[in-house]
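Breakdown of the fold
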Amino acid sequence: MSRAVADNLFRGEGRSARLLGGRSKADGRLVFPFPHSADAENFDLVELANEGTLWSWTVQRFRPKTPYNGRGDPDGPFTPYGVGYIELPGQIIVESRILADDFDALRIGQPMALTTEAYREDETGEPVLTYAFTPIAEPRA
Amino acid sequence: MTDIHIVGAGIHPFGRTDGRSGLDQGVFAIQQALDDAGLQWSDMQFAFGGSSAAGAADAALPRMGLTGMQFINVNNGCATGGSSILGGYAAIKSGDYDLGIVIGFDKHPRGAFNADPEASGLPRWYGETGMMLTTQFFANKITRYMALNGIGSRTLGLVAEKAFENGSKAPHSWRKQPVDVDTIMNAQMVSDPLTKYMFCSPAEGGVALILASDRKMRELGLSGPKVRAAAIRTRPTGSFEVFSPSLEIERGQSATQLASAAAWEMAGLGPDDVDVAQLQDTESGAEIMHMAENGFCKDGEQEKMIADGVTRIGGRLPVNTDGGCLACGEPIGASGLRQVYENVEQLRGRGDRRQVEGARIGYSQVYGAPGLSGCVVLER
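Not measured: the values here are computed from a predicted model.

What counts, and where the lines are drawn
The numbers attached to residues start from 1 for each chain and follow its sequence in the written order. Lettering for chains starts from A, numbering for ligands starts from 1, and both go in the order in which the items are written. A pLDDT threshold of at least 70 governs which residues receive local features in this predicted model, and a stricter bar of 80 or more applies before side-chain atom pairs are shown or counted, although totals over entire chains, interfaces and linings include all residues. Processing note: side-chain calculations cover all non-hydrogen atoms of the structure and skip hydrogens and water entirely. Counting from the N terminus, the helices are DSSP H or I runs at least four residues long and the strands are E runs at least two residues long. Just to be clear, the radius of gyration here is over C-alpha atoms, and the globule rule we use is 2.2 Å times residues to the power 0.38. Remark: exposure states derive from per-residue accessible area (1.4 Å probe, protein chains only) relative to the maximum for the residue type, with buried under 20%, exposed over 50%, and partly exposed in between. By the convention used here, residues are in contact when the closest approach between their heavy atoms is within 4.5 Å. Where accessible areas are quoted, they stem from the Shrake-Rupley method and a 1.4 Å probe; at the residue level, only the protein chains shown are allowed to cover. Charged residues are defined here as Lys and Arg on the positive side and Asp and Glu on the negative side; His and the ends of the chain fall outside this count. To locate a charge, take NZ of a lysine, CZ of an arginine, CG of an aspartate or CD of a glutamate. Interaxial angle, 0 to 180 degrees, is taken between N-to-C directions of lines fitted to C-alpha atoms, where a helix line uses only the stretch in contact. Residues are grouped as follows: Ala, Val, Leu, Ile, Met, Phe, Trp, Tyr, Cys and Pro are nonpolar; Asp, Glu, Lys and Arg are charged; all remaining types, including Gly, are polar. Two rings from Phe, Tyr or Trp (for Trp, the six-membered ring) form a pair when their centres sit within 6.5 Å of each other. Planes less than 30 degrees apart are called stacked, planes more than 60 degrees apart edge-to-face, and all others tilted. Nonpolar cores were defined as sets of buried Ala, Val, Leu, Ile, Met, Phe, Trp, Tyr and Cys residues, with membership established by side-chain atoms within 4.5 Å. Put simply, buried area is the surface a 1.4 Å probe can reach on two separate parts but cannot reach once they are joined, added for both. The definition of a polar contact used here is a pair of N or O atoms within 3.5 Å, where within protein one atom must be able to donate a hydrogen and the other to accept one, and adjacent residues in sequence count solely through side-chain atom pairs. Here, any two strands with at least 2 DSSP bridges between them count as paired. Here the expected length of a helix is defined as 1.5 Å per residue gap, with one fewer gap than residues. Each angle receives one of four descriptions, namely roughly parallel if under 35 degrees, roughly antiparallel if over 145, roughly perpendicular if within 65 to 115, and oblique otherwise. Each crossing gets its handedness from the near helix: less than a right angle anticlockwise from the far helix is left-handed, clockwise is right-handed. When a carboxyl oxygen of Asp or Glu is within 4 Å of a side-chain nitrogen of Lys or Arg, the pair counts as a salt bridge.

Further remarks concern the overall build of chain A. Of the regular secondary structure elements, chain A holds 0 helices and 10 strands. Counted from the first residue to the last, chain A has its helices and strands arranged as β-β-β-β-β-β-β-β-β-β. Relative to a compact globule of 141 residues, whose C-alpha radius of gyration would be 14 Å, chain A shows 16 Å and is just as compact. Every one of the 141 residues in chain A was classed for burial, and the buried ones make up 47%. Within chain A, residue pairs in contact and separated by at least 24 positions form 53% of the contacts whose partners lie at least 6 positions apart. Roughly 7,100 Å² of accessible area belongs to chain A as shown, and the carbon and sulfur atoms make up 47% of that amount. In chain A, which carries 15 positive and 21 negative side-chain charges, the distance between the mean positions of the two groups comes to 2 Å.

Structure (structure tokens):
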């Protein structure tokens, strides 16, 4: 079993996951994440597109301070992870962790797809999932 | 209409000073500013002061003297210093006061800044999953900017090289050793495309500036640069700022563009009038982007300008003549005031080995989370 890092953030798992946003009841504007405050009543929970294009990116190469609680012994080696922005066409640009075999091969504008990532295990050993985007393999010419 | 002048300036060297608290460093800067102007603490009618991690700025009161003066603590992220000077400017402009002091000091733990999601109105998962880092924002912003505007990574290296070169000539800087561009480029990557030399670090330091109306200045027989403009603006819809889990597809202006436009209008001056500029360089890319956002060039022109040495001391537009945040570090409460301090030194011809010859107009811009910018224009 696994669980999501937060409620109302995404539904499903892996490539069938869907990111959740809010649509303003007043003007139809999309927001992400879905508001977690009293503001939530002004928005409808909606699924966002699960594919988009890479808007920008970087690689996190040192262990962040708290509240980061990703996997690994704080004193041990740290595995870098990608962080970038994905443009969901006609909707919104969302910030996301990036899963990629080769960060140097990332290019702005390339197609990306939503997935989920077990970024840590909780105290009972259960994986905790967050959302991530990963490059869509280009079909070979 | 009253003009406002900076008639005294003091600084505690930036960097790391073991055994001296942030407040100690603030008090040091206050005393130096008072000595610079030949004034007493009891002459000060008001104070605006800020510190992010070193306690409330008004803790300076028992150290300097409990005179009963108006003292306002300022907390406005990395733009705290810019906010303090705006407070002092407005206090005199209003006619209520004619002599006062603005203060900033800080002392941060080593390493990147801690971020608290709740304090920024953001959900806990945003921090827990490792996306709430200022370093990531700057790296994401410059990655896209470089791709869209044809700027190569060596330009990032040249900005850092200039910073350490200038820092080696500034008595108040932290980094005193020049670092060559190849060392900078080949250093450990922190957040691609930025290596460790391309990021500033949280640090310590203190700055104090004494502001006076022109009438009071003359009465006291003092002199000093005139504040032609002081403006702060926050992020508009469509901007790309730090700690943004999402962005609108339709892009808009930045807080810096709004603040600089307001400053130019207030000063009745434009970028071409500036002789020396201090631009927020949280990392190398920020200096490059802020050159355009403040109106000093068009997007993409930085590549050639920096290669040609335009922003070096001796160039047409020297930028960050004391090494900026890269060479001085970033004590949040003091950082924006350091920029103004450096311009005061330049305009008073006290820049020594880093002096910009004949500098008459100085410009400074500080940027802070969660998306605000403060600009100050000084005239000799």
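Anyway, onward from the coordinates.
All names here are of chain B. The geometry of helix 3 (residues 80–93) relative to helix 13 (residues 332–347) is characterised by a closest axis approach of 6 Å and an angle of 65° between their N-to-C directions. Touching Thr80, Gly81, Gly82 and Ile85 of helix 3 are Ile332, Gly333, Gly336, Leu337 and Val340, all from helix 13. Its residues placed into classes, the contact of helix 3 with helix 13 shows 4 nonpolar, 5 polar and no charged.

Okay, the packing of aromatic side chains next. Applying the stated criterion to the full structure yields 19 aromatic pairs over all chains. Consider the rings of Tyr131 of chain A and Trp125 of chain B, whose centres lie 5.8 Å apart with planes at 75°: the pair is edge-to-face. Of this pair, Tyr131 of chain A sits in strand 10 (residues 127–135) while Trp125 of chain B sits in helix 4 (residues 124–128), each in a different chain. Judged on exposure class, the residue Tyr131 of chain A and its partner Trp125 of chain B are both buried.

Counting 48 residues, the largest nonpolar core has Val274, Ala277, Phe296, Tyr363 and Val377 of chain B as the members making the most contacts within it. Not counting the four nearest positions on each side in its chain, Val274 of chain B is found in contact with Trp264, Phe296, Leu317, Ile361 and Tyr363 of chain B. Ranked by size, the runner-up nonpolar core spans 47 residues in total, among them Tyr85, Met112 and Leu114 of chain A together with Phe240 of chain B.

Before going further, it helps to spend a moment on unusual backbone geometry. Cis geometry marks the peptide bond from Phe32 of chain A to Pro33 of chain A; its omega dihedral reads -5°. Checked against the element boundaries, Pro33 of chain A lands in the loop between strand 4 (30–31) and strand 5 (43–47). Backbone geometry at Asp352 of chain B places phi at a positive 50°, although glycine is not the residue there. Looking at the element boundaries, Asp352 of chain B is found in the loop between helix 13 and strand 11 (361–368). We classify Asp352 of chain B as exposed; its relative accessible area is 63%.

Another aspect to go through is the interface of chain B and chain A. With 37 residues of chain B in contact, the opposing surface of chain A contributes 40 residues. Together chain B and chain A conceal approximately 3,300 Å² of surface at their shared face, both sides included; 59% is due to carbon and sulfur atoms. Our count for the chain B to chain A interface comes out at 20 residue pairs in polar contact (both at pLDDT 80 or more). Secondary structure elements with two or more residues in the side of chain B that touches chain A: helix 4, helix 5 (134–149), strand 5 (189–191) and strand 9 (246–247) of chain B. With 7 residues, the top contributor of residues to the side of chain B that touches chain A is helix 5 of chain B. Looking at the side of chain B that touches chain A residue by residue, the class counts come to 17 nonpolar, 13 polar and 7 charged. In this structure, strand 8 (residues 92–98) of chain A lies alongside strand 9 of chain B, joined through 2 bridges in antiparallel fashion. Note that in strand 9 of chain B the partner of Val94 of chain A across the bridge is Ser246 of chain B.

Glancing now at helix 9 (residues 255–267) of chain B. In an α-helix, one turn spans 3.6 residues; hence positions three or four apart end up facing the same way. Residue and element names in this part refer to chain B. Between its first and last C-alpha, helix 9 extends 18 Å over 13 residues, near the 18 Å set by a 1.5 Å rise per residue. As for helix 9, its buried residues are in contact with strand 8 (226–234), helix 10 (284–293), strand 11 and strand 12 (372–379). Two residues or fewer after helix 9 comes Gly268, characterised by a positive phi angle close to 65°.

Residues and elements named next belong to chain B. The contact between helix 5 and helix 10 brings their axes to 9 Å, and the two run at 60°. By the angle between their directions, the pair helix 5 and helix 10 is classed as oblique. Considering how the two elements wind past one another, helix 5 and helix 10 form a crossing that is left-handed. Judged by residue contacts, Phe138, Lys141, Ile142 and Tyr145 of helix 5 engage Gly285, Ala286, Ile288, Met289, Ala292 and Glu293 from helix 10. Residues belonging to the contact of helix 5 with helix 10 are distributed by class as follows: 7 nonpolar, 1 polar and 2 charged.

Here we come to the pattern of salt bridges. Residue and element names in this part refer to chain B. The tally for this structure, following the rule as stated, stands at 28 salt bridges over all chains. Put simply, Arg228 and Glu379 hold a salt bridge, and the shortest N to O gap is 2.8 Å. With Arg228 in strand 8 and Glu379 in strand 12, this pair connects stretches of sequence that are 151 residues apart. A relative accessible area of 13% places Glu379 in the buried class. A single network of salt bridges, built from pairs that share partners, joins Asp36, Glu345, Arg348 and Arg350.

Here the focus is the side chain of Thr321 of chain B. All names here are of chain B. Summarising the element assignment, Thr321 is placed in the loop between helix 11 (302–307) and helix 12 (324–328). By relative accessible area, which is 0% here, Thr321 ends up buried. Side chain to side chain, Thr321 and Gln278 meet in a polar contact 3.0 Å long. For Thr321, the side chain forms a polar contact with the side chain of Gln346, separated by 3.4 Å. If we skip the residues at most four places from it in the chain, Thr321 touches Asn166, Val276, Gln278, Ile313, Glu342, Gln346, Arg354 and Val356.

When you line up the elements, Arg110 of chain B lands in the loop between strand 4 (99–107) and helix 4. Residue Arg110 of chain B is classed as exposed on the basis of its relative accessible area of 59%. A C-alpha to C-alpha distance of 30 Å links Arg110 of chain B and Pro318 of chain B, two positions 208 residues apart in sequence. Residue contacts for Arg110 of chain B: discarding those within four places in its chain leaves Lys65 of chain A together with Arg16 and Asp18 of chain B.

Moving on, we come to the side chain of His290 of chain B. Relative to the assigned elements, His290 of chain B resides in helix 10. With residues near it in sequence (within four places) discarded, His290 of chain B still touches Thr256, Leu279, Gln280, Gln365 and Tyr367 of chain B.

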